[in-house]
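Breakdown of the fold
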Amino acid sequence: MFVSRCLDVNSHGHLTIGGCDTVELAQQFGTPLYLLDEGEVRRACASYRESIDRYYGGKGLVAYASKALNCKALCRIMQEEGMGLDVVSGGELYTALSVGFPAEKIFFHGNNKTPRELQEALEAGVGQIVVDNLTELELLSELAGGQGRTAEILLRIKPGVDAHTHQFIRTGQIDSKFGFALETGEAMQAVERALALPGVRLKGVHCHIGSQVFDREPFEAAAEIMVQFLADIHDRWGCQLEMLNLGGGFGIKYLSDHNPIPYGQYMEGVSRVVKEVCAQRGIATPFIVMEPGRSIVGAAGITLYTVGSVKTIPGIRTYVSVDGGMTDNPRYILYQSEYEALAANRADQPKDTVVTLAGRCCESGDLVGEGMPLQQVRPGDLVAVLSTGAYNYSMASNYNRVPRPALVLVRDGVPRLAIRRESYEDLVRNDL
Ligand code: LLP
C-alpha cells in the first residue's frame, strides 16, 4: 500500500512509522518533523552486507554515503552495523569522528578538499582519501610527507558510463567535475604520479556513476571498465591494487509505480562481472566497496507537516500550504523530484483531491510537489511526505531564517530524539 514497508495505518486511522503513531509524534515533538525508522535503516545495511557475503565471499565493505543524512546518531548506528562511511567534507568527517567512528573505515571524497580538510583527514588517520585531481594529489603528498605520514589513497575515476538519471546527479561521464577521465589517458597518468610520489600509497580506484539509478546494467558496465583498468595498471606497472570502490546510486521507491530491484541484485551482477574480468585478465579479485546513501535511509524517512491555509483557485488548482517546504526539502525546487503525500491523521480515508503542496517561504517555486493526490485536508491537519530520509535534512537550509526541524528516530514503537529542533537563538548564534 505504501512506498515503504515501515509505514502503516492504525485503528484511529493515523499513519504509523516504525510502530509509532505520527499524530502523537507531532504532538510530542512539533512539526515540521523528520522521522526515520531505525529498524528499516538497519535492515537496509544488513541486506547490502549479506549481498557481499553471498555473491562475493564477504570480500568487501558497505560504506554508507553520509551526504544522504549525517548526524551523530546515524554515525553510531553505522558503526554498530559494521559499515564503512563516505564523507565529503570536514564537517561530515568531524561528525563521524566525534562519536568515535573508526577512521580506517572512512572514505573521504570531494573534488576540492581544502588543505585544512586534508590535514584533518591525515591527523585522524582516515583509511581512504579519494583523490580527485592532480593538485590534490601533490598537496596530499606534501602534507603527509611533512608529517612523516603516508596517506592511503584511492583515485576517483570517471568510467565514462552514462547513467540514466537527472543531469545534475549524474557523475560518471567525461563531462563531470569529479575525477580523472579514462578515455583521455588522464587516469593512467594519475596512477603513474601516485605510484611515484612519496607520502601516498595507492590502494585502489573509485567511481560513482550517478544517483537514483534503477537499472543494473550501468553498474555492471562501470564495474567491467574499472576492472579492465585495474588489469591495465597491473600490466603496465606490475602492481595489483587491492581495492575497488564502485560508488552508490541505487534507486529507491518515491512513487508507488517505482520498482527498484532488490539491492542484492546489484552485487550479484557486479560480482559476476568483476570475477569474470579478473579471470580473463589474470589478476586477483579486488576488495569491493559499495557506497549506498539514498537506499540506506531514503525510504525509511518521512516528513510531517501541519497544514496552514488551503487556497482553491477555481479552475486552476488548490494550494495546501504547510509549515515547511524548500527549507527542509529543496528537492522539488532543485530537481522537480516527485513524492507521495497523505493526511497522516486521516490516513484511512481515500485521496480524493489533487493538490499543490506549498512551502512557507517567500518564493513562488517553494513547493513540495504539484499534482499530488491527497485526502481533503483542513487547517490543522497533518500531512506526511514519504521517502524523505535521504537528501532532505542534509540539504536543508535556513532560508527566510526558518529553523531546521527536529529529527526523531523510531524503532519498534519507541521514538528517540536524534537532532533537536533549531531555535531562534540557534539562528542568531553566530551573528555579531
Ligand atoms: N558515493 C559518491 C562518491 C557519491 O558522490 C554519492 C552521491 C554516493 C556515493 C551516494 O549515492 P546514492 O546511493 O545516495 O545515490 N542531492 C541529490 C543526490 C546527490 C548525490 C551525490 N552523490 C539528490 O537529492 O537526489
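Residues numbered from 1 in each chain as written. Predicted model: local features only at pLDDT ≥ 70, side-chain atom pairs only at ≥ 80, totals over all residues. Heavy atoms only, no water.

- As recorded in an unreviewed UniProt entry, the protein chain goes by Diaminopimelate decarboxylase and comes from Candidatus Anaerotruncus excrementipullorum.
- The Pathway (unreviewed entry) comment attached to the protein chain in UniProt states, word for word, "Amino-acid biosynthesis; L-lysine biosynthesis via DAP pathway; L-lysine from DL-2,6-diaminopimelate: step 1/1."
- According to its UniProt record, the protein chain has this under Subunit (unreviewed entry): "Homodimer." (UniProt positions renumbered as here; feature names shortened; annotations may be inferred.)

**Focus: the layout of surface pockets**
- Its volume calculated, the second largest pocket comes out at about 540 Å³.
- Lining the second largest pocket are 14 residues; nearest its centre among them are Tyr393, Arg404, Ile419, Arg420 and Glu422.
- A per-element tally of the lining of the second largest pocket places strand E21 (residues 414–419) first, with three residues.
- Considering only residue class, the lining of the second largest pocket consists of seven nonpolar, two polar and five charged. (1 Å grid on protein atoms, 1.4 Å probe; cavity = no way out; pocket = protein on both sides within 12 Å on 5 of 7 lines; lining within 4 Å. Points joined across faces, edges and corners; volume = space filled by probe spheres on them. Helix = DSSP H or I, 4+ residues; strand = E, 2+ residues; numbered from the N terminus. Nonpolar A, V, L, I, M, F, W, Y, C, P; charged D, E, K, R; others polar.)

**Here we look at the environment of Glu217**
- Tracing the backbone through its elements, the reader meets Glu217 in helix H8 (residues 217–237).
- Residue classification places Glu217 among the exposed positions, given a relative accessible area of 52%.
- With 135 residues separating them in the primary sequence, Glu217 and Gly82 have C-alpha atoms 28 Å apart. (Buried < 20%, exposed > 50% of the residue type's maximum accessible area, 1.4 Å probe, protein only.)

**Details of unusual backbone geometry**
- With an omega of -10°, the peptide bond between Thr31 and Pro32 qualifies as cis.
- One non-glycine residue, Tyr391, adopts positive backbone phi at about 55°.
- Mapping Tyr391 onto the fold places it in the loop between strand E19 (382–386) and strand E20 (406–411).
- The exposure class assigned to Tyr391 is buried, which follows from its relative accessible area of 16%.
- Here Arg401, not a glycine, exhibits a phi torsion of approximately 50°, which is positive.
- Looking at the secondary structure, you find Arg401 in the loop between E19 and E20.
- According to the relative accessible area criterion, Arg401 is partly exposed, its value standing at 44%.

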